[in-house]
Amino acid sequence: MKYNIKVTKTQESRLSSMDFNNIPFGKVFSDHMFVTEYVDGEWKNPRIEPYGPITMNPAAMVFHYGQAIFEGMKASKYKDGTPMLLRPELHAERLNKSADRLCMPNIPEDLFLQGLHTLIELDQGWIPPQAGSALYIRPFMIATDEFIGVGASQSYKFIIMTGPVGPYYPKPIRLIAEQKYVRAINGGTGEAKAAGNYAGSLLPAKVAKEKGFDQVMWMDGHEFRYIQEVGTMNIFFVIDGKVITPAADGAILKGITRKCIIELLEEKGYDVEVRPLDIHEVVEAYENGKLEEIFGAGTAVVVAHISELGYKDKVMTLPAVEDRKIGPMIKKEIDNLRVGEIEDTRGWFVPAKAPAMAGA
Ligand SMILES: Cc1ncc(COP(=O)(O)O)c(C=O)c1O
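Everything quoted here is computed from the prediction, not taken from an experiment.

Caption draft 1: Seen up close, the packing of aromatic side chains. The full count for this structure, using the stated rule, is nine aromatic pairs. Judged by centre distance (5.1 Å) and plane angle (55 degrees), the rings of F70 and Y198 are tilted. Of this pair, F70 sits in strand β4 (residues 68-70) while Y198 sits in helix α4 (residues 195-199), and the two are 128 residues apart along the sequence. Accessibility classification places F70 together with Y198 in one group, the buried group. Look at Y78 and F349: their rings are 6.4 Å apart centre to centre, the planes differ by 40 degrees, and that puts the pair in the tilted class. Taken together, the residues span a long stretch of sequence, with Y78 in the loop between β5 (73-77) and β6 (83-86) and F349 in strand β18 (residues 349-351) at a distance of 271 residues. Each member of the pair Y78 and F349 is classed as buried. An aromatic cluster is present here, built from F34, Y38, W43, F112, Y156 and F158 joined pairwise through their rings. Geometry around F213 places R174 over its ring, the cationic atom sitting 4.7 Å from the centre.

What follows is the structure, encoded as structure tokens:
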């Protein structure tokens, strides 16, 4: 279905004042946003408008009961300048899964996609030209009923906003296997991209930093034994030539980068095991000299190499990045696919283009 998305362009684009060589991460937003409201059981008034503040009543339920979900994706430009999106339909699908878990309404996938395409085509000038840079895209949905009392809101707002981000040159990261706090347990909200999951991660992250680690590696909440994921990344281990990533068992976010990496590696003939991964297996592999790589995978970084993993009072040091095979190779492959440097034979990348409207 095609939606009639009203486009109101900004009178004063901020694009000319943008220095793409110095982009502070997460602080600059492009000219426009896509907005639609859910009222009386329907998404209404889908529109693009200038990016700016939104007015909310202090009683809006999102402030009190936390019905807030989001997505994170990126647009980049092919060598010929075409703005491209990576598997946007998977983000629409995941947003709706998050919505189901938080008792929020689904947004029709074609409305999500049409709003996204229209916005990115309009603001494509905000996609930084530098290699490795991208336009970060943040779709989100919040509860807007003015009501004090725990329950599902009847009205919601859905917004897509975007902002340029510079090239991400992540240093290898030091992780600590968390032994006290839990991100999620089966049956909780861990599989949803719910704002509250991130609020709950802040204190453990702070404690980990105080101990000299960069991030927490989450463990299962029953035995603190099975590995889950990291901050805003899923996690991969290479043990004796085999790639292992924890099974998405209901408590971890099913990352889209994770899915791409599994598919790419399988195509290349690697053995990828998606299964519960016990920290003791990792320790044993380390002691036998078979722990070859650990890397995180997510939209922001694509791949982040892990240099050290702390577990209880042990610190396991991984081989230097130059000596690793799989993490660096997969990062390069995805970065090259993103700019069209290598051909996308799988139809993962789609040009951002608003559909032509009848009579338009
Ligand atoms: C908790 C968590 N895990 C994993 C990921 C990686 O997911 P994706 O590859 O879809 O960005 C993210 C980022 O969205 C995240 O927030």
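Caption draft 2: Spotlight on helix α3 (residues 109-122). Taking 1.5 Å per residue, 14 residues should reach 20 Å; α3 reaches 20 Å between its end C-alpha atoms and fits that length. The element α3 is largely enclosed, with a buried count of 10 among its 14 residues. Among the residues making up α3, those that are buried are L111, F112, L113, Q114, G115, L116, H117, T118, L119 and I120.

Caption draft 3: Structural context of the nonpolar core. Counting 50 residues, the largest nonpolar core has F112, L116, I120, M141 and F158 as its most contacted members. Per-domain counts for this core show at least three residues from each of domain 1 (6-167) and domain 2 (173-338). Other than its neighbours up to four places away in sequence, F158 contacts F34, V35, T36, W43, L95, I107, F112, P139, F140 and M141. The next biggest cluster of nonpolar side chains, apart from the first, holds 27 residues, and it includes L175, M219, V230 and V282.

Caption draft 4: Local environment of empty space enclosed by the protein. Following the criterion strictly, the structure yields one cavity of 30 Å³ or more and no others. Broken down by secondary-structure element, the contributors of at least two residues to the lining of the largest cavity are β5, β6, α6 (256-267) and α8 (326-338). Broken down by element, the lining of the largest cavity gets its largest block of residues, three residues, from α6. Taken together, the residues that form the lining of the largest cavity break down as seven nonpolar, four polar and two charged. Counting only domains with at least three residues in the lining of the largest cavity, you end up with domain 1 (6-167) and domain 2 (173-338).

Caption draft 5: Structural view of a nonpolar patch on the surface. A surface patch of nonpolar side chains, amounting to about 320 Å² of accessible area, comprises Y65, I148 and V150. Owing to a relative accessible area of 30%, Y65 belongs among the partly exposed residues under this scheme.

Caption draft 6: Spatial organisation of the site of the ligand. In the vicinity of the ligand, 16 residues are found, and the nearest of them are K193, Y198, E229, T257 and T299. With respect to the ligand, the backbone of I256 contributes an N or O atom lying 2.8 Å from an oxygen atom. Take T299: an N or O atom from its side chain is 2.6 Å from an oxygen atom of the ligand. Judged by its atoms lying within 2 Å of the grid points, the ligand is housed in the largest pocket. Mapped onto the shell around the ligand, the elements with two or more residues apiece are α6 and β15 (291-298). The residue inventory of the shell around the ligand, partitioned by class, reads five nonpolar, seven polar and four charged.

Caption draft 7: Quick peek at the environment of E341. Along the polypeptide, E341 turns up in the loop between α8 and β18. Its relative accessible area of 46% is what places E341 among the partly exposed residues. In this structure, the C-alpha to C-alpha distance between E341 and P164, residues 177 residues apart in sequence, is 21 Å. Leaving out residues up to four positions away in the same chain, E341 has contacts with K79 and N336.

Each value, and the rule that gives it
Residues numbered from 1 in each chain as written. Predicted model: local features only at pLDDT ≥ 70, side-chain atom pairs only at ≥ 80, totals over all residues. Heavy atoms only, no water. Phe/Tyr/Trp six-rings, centres within 6.5 Å; stacked < 30°, edge-to-face > 60°. Helix = DSSP H or I, 4+ residues; strand = E, 2+ residues; numbered from the N terminus. Buried < 20%, exposed > 50% of the residue type's maximum accessible area, 1.4 Å probe, protein only. Lys NZ or Arg CZ within 6 Å of the ring centre and 35° of its normal. Expected span 1.5 Å × (residues − 1). Core = buried A, V, L, I, M, F, W, Y, C linked by side-chain atoms within 4.5 Å. Domains from an automatic or database assignment. Contact = heavy atoms within 4.5 Å. 1 Å grid on protein atoms, 1.4 Å probe; cavity = no way out; pocket = protein on both sides within 12 Å on 5 of 7 lines; lining within 4 Å. Points joined across faces, edges and corners; volume = space filled by probe spheres on them. Nonpolar A, V, L, I, M, F, W, Y, C, P; charged D, E, K, R; others polar. Patch = residues over 30% accessible without salt bridge, like charges linked within 9 Å, V, L, I, M, F, W, Y side chains within 5 Å. Areas by Shrake-Rupley, 256 points an atom, 1.4 Å probe, with all protein chains shown as cover. Salt bridge = Lys/Arg side-chain N within 4 Å of Asp/Glu carboxyl O. Near = heavy atom within 4 Å. Polar contact = N/O pair within 3.5 Å; in protein donor to acceptor, adjacent residues only side chain to side chain. Sits in = over half its atoms within 2 Å of the grid points.

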